[in-house]
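Okay, here's what each chain looks like letter by letter:
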Amino acid sequence: MKLNGKIAFITGASSGIGEATARIFAENGAKLILLARRKERLEEIAKEFAHNYDTKTHLITADVRKFDELKEKINSIPQDFKDIDILINNAGLARGLEKIYEGAISDWEEMVQTNILGLLYITKLVAPIFLQKNSGHIVNIGSLAGRAIYPNGNVYCATKFAVKALSESMIIDFNGTNIKVTNVDPGLVQTEFSQVRFKGDKTRAEQVYKGYKPLTPFDIANIILFCVTLPEHVLIQDILVTPTAQATATIVHKTM
Ligand code: NDP
Ligand code: 8X3
């Protein structure tokens, strides 16, 4: 029960890395604030956690692109959930995999608004709670795509380069406080990510994870748990984690 009594706010908790992190945190005794757009998914997860781990959960159905909506919902978090200790900025997505001159403006807007502005909005709204008590831990989920561009990754990669820059900036800005910021950059993790990227094309999405053993969302969740349970004076600033079969963004050893 490494997180007994801690309150964790996880964005993008309705699937993949966010859901797995919520589960590992629930198993370790945390109280959870879970945010995503799909209400039914969040409700199912909260019900199951209450049954299996006796977890207390506050759900926020919201779109991280909408600041006013986030402000209202975060400001009205019930008193017994307000004293947040850990923020996992995980909500994010890729849309499309095309050359820059073929990409859709709407896809670009969705990625920039979700991956960059969404992360900033949530951080802006939660930071005062951390500053007031001079403690707290922010974990930003970046990507290997935020360190190396791959063909047709253009705008998605740019948003994740931005996440990396923001994590580094936050570490500097919070320096002098007890507030920690950790940047976690995963390589290939099997989640709904590729289905979202390929707009529901399951066959194409499945190809991304064939011929090697990709990371699971629980691999990332356990790393996040490790980072947020270290002693107060120990800060992991940055983590790059890939499947063993992945050397770089473009070199993945596959046996088909
Ligand atoms: P999933 O598609 O499984 O999960 C994405 C989560 O983000 C969902 O819970 C989704 O919830 C939420 N989300 C997306 N858009 C919004 C929005 N506008 N408002 C609120 N919530 C939103 O993918 P992953 O778990 O893989 O992705 C999680 C993070 O990990 C992302 O930031 C991704 O870029 C990053 N990442 C993923 C990698 C991978 O290979 N899978 C590798 C490196 C990084 P809902 O749709 O219900 O709103
Ligand atoms: C997601 C992993 O390599 O598809 O960030 O960009 S990748």
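Note: the structure precedes this text.
Note that this is a predicted model, so its numbers are computed, not measured.

A.B. asks: Quick rundown of the side chain of Lys 180? Include the residues and the values.
C.D. replies: Tracing the sequence through the fold places Lys 180 in strand S6 (residues 179–186). For the buried Lys 180, no salt bridge exists, and the shortest N-O distance to an oppositely charged side chain is 7.6 Å, to Glu 232. Of the polar contacts made by the side chain of Lys 180, one reaches the backbone oxygen of Pro 231; its length is 2.9 Å. Setting aside chain neighbours within four positions, we find Lys 180 in contact with Gly 136, His 137, Ile 138, Leu 230, Pro 231, Glu 232, Val 234 and Leu 235.

A.B. asks: Give me the lowdown on the nonpolar core, citing residues and values where you can.
C.D. replies: Formed by 32 residues in total, the largest nonpolar core has its most connected members in Ile 10, Phe 25, Leu 32, Leu 34, Ile 88, Ile 220 and Ile 224. Secondary-structure elements contributing two or more residues to this core are strand S1 (7–11), helix H1 (16–27), strand S2 (31–36), helix H2 (39–53), strand S4 (86–89), strand S5 (136–141), helix H8 (217–228) and strand S7 (238–241). In this structure Ile 88 touches Phe 9, Ile 10, Thr 11, Thr 21, Phe 25, Val 139, Ile 141 and Ile 224, once residues within four positions along its chain are discounted. Formed by 29 residues, the second largest nonpolar core is a distinct cluster that contains Ile 60, Ile 74, Leu 119 and Ile 171.

A.B. asks: How would you explain H2 if you had to name every residue and give the values?
C.D. replies: Every α-helix carries 3.6 residues per turn, so stepping three or four residues along brings you back to the same face. Over its 15 residues, H2 extends 21 Å from the first C-alpha to the last, a length consistent with the 21 Å expected when each residue adds 1.5 Å. Of the residues making up H2, those classed as buried are Leu 42, Ile 45, Ala 46 and Phe 49. For H2, the arc enclosing every buried residue in end-on projection is 100°, short of the 170-degree limit, so these residues lie on one face. Exposed residues on H2 whose side chains face more than 90 degrees from its buried face are Glu 40, Glu 44, Lys 47 and His 51. Check the buried side of H2 and you find it contacts H1, S2 and strand S3 (57–61). Of the residues flanking the end of H2, it is Asp 54, one or two places downstream, whose phi is positive at about 60°.

A.B. asks: Tell me about the site of ligand 1, and name the residues and values.
C.D. replies: Taken together, the neighbourhood of ligand 1 is formed by 31 residues, with Ser 14, Ser 15, Arg 37, Tyr 156 and Thr 191 sitting nearest. Here an oxygen atom of ligand 1 sits 3.2 Å away from a polar atom, N or O, in the main chain of Glu 192. Here ligand 1, which alone exposes 880 Å², has 96% of that area covered by the protein. Elements with a minimum of two residues in the shell around ligand 1: H1, S2, helix H5 (154–173) and helix H6 (193–197). Partitioned by chemical class, the residues of the shell around ligand 1 number 14 nonpolar, eleven polar and six charged.

A.B. asks: Outline the packing of aromatic side chains, listing residues and values.
C.D. replies: Per the counting criterion, the structure on display carries three aromatic pairs. Across from the ring centre of Phe 81, 4.9 Å away, lies the NZ or CZ of Lys 31, which sits over that ring.

A.B. asks: Break down the packing of H1 against H8 for me, citing the residues and quoting the values.
C.D. replies: Viewed as axis vectors pointing N to C, H1 and H8 meet at an angle of 55°, and their least axial separation amounts to 8 Å. Of the possible angle classes, the one that applies to H1 and H8 is oblique. As for how H1 packs across H8, the hand of that crossing is right-handed. The segment H1 lies against H8, with Gly 16, Ile 17, Ala 20, Thr 21, Arg 23, Ile 24 and Phe 25 engaging Pro 217, Phe 218, Ile 220, Ala 221, Asn 222, Ile 224, Leu 225 and Val 228. Considering only residue class, the contact of H1 with H8 consists of eleven nonpolar, three polar and one charged.

A.B. asks: Any chance you could break down the site of ligand 2 for me, citing the residues and the numbers?
C.D. replies: Near ligand 2 you find Ser 143, Ala 145, Tyr 150, Tyr 156, Phe 193 and Arg 197, and these make up its full shell. Taking Ser 143, its side chain carries an N or O atom lying 2.5 Å from an oxygen atom of ligand 2. Within the side chain of Tyr 150, a nitrogen or oxygen atom sits 2.6 Å from an oxygen atom of ligand 2. For ligand 2, the protein covers 86% of the area, taking 240 Å² as the surface of the free molecule.

A.B. asks: I'd like to hear about the environment of Thr 229, residue by residue, with values.
C.D. replies: Along the polypeptide, Thr 229 turns up in the loop between H8 and S7. Overall, the relative accessible area of 29% leaves Thr 229 in the partly exposed class. Distance from Thr 229 to Lys 2, taken between C-alpha atoms, is 6.9 Å for residues 227 residues apart in sequence. A polar side-chain atom of Thr 229 sits 2.7 Å from the main-chain carbonyl oxygen of Leu 225.

How each quantity is defined
Residues numbered from 1 in each chain as written. Chains lettered and ligands numbered in written order. Predicted model: local features only at pLDDT ≥ 70, side-chain atom pairs only at ≥ 80, totals over all residues. Heavy atoms only, no water. Helix = DSSP H or I, 4+ residues; strand = E, 2+ residues; numbered from the N terminus. Buried < 20%, exposed > 50% of the residue type's maximum accessible area, 1.4 Å probe, protein only. Lys, Arg positive; Asp, Glu negative; His and termini not counted. Salt bridge = Lys/Arg side-chain N within 4 Å of Asp/Glu carboxyl O. Polar contact = N/O pair within 3.5 Å; in protein donor to acceptor, adjacent residues only side chain to side chain. Contact = heavy atoms within 4.5 Å. Core = buried A, V, L, I, M, F, W, Y, C linked by side-chain atoms within 4.5 Å. Expected span 1.5 Å × (residues − 1). Arc of directions from axis to C-beta. Near = heavy atom within 4 Å. Areas by Shrake-Rupley, 256 points an atom, 1.4 Å probe, with all protein chains shown as cover. Nonpolar A, V, L, I, M, F, W, Y, C, P; charged D, E, K, R; others polar. Phe/Tyr/Trp six-rings, centres within 6.5 Å; stacked < 30°, edge-to-face > 60°. Lys NZ or Arg CZ within 6 Å of the ring centre and 35° of its normal. Axes fitted to C-alpha atoms, helices over the stretch in contact; angles between N-to-C directions. Parallel < 35°, antiparallel > 145°, perpendicular 65-115°, else oblique. Left-handed = near helix turned anticlockwise from the far one by under 90°.

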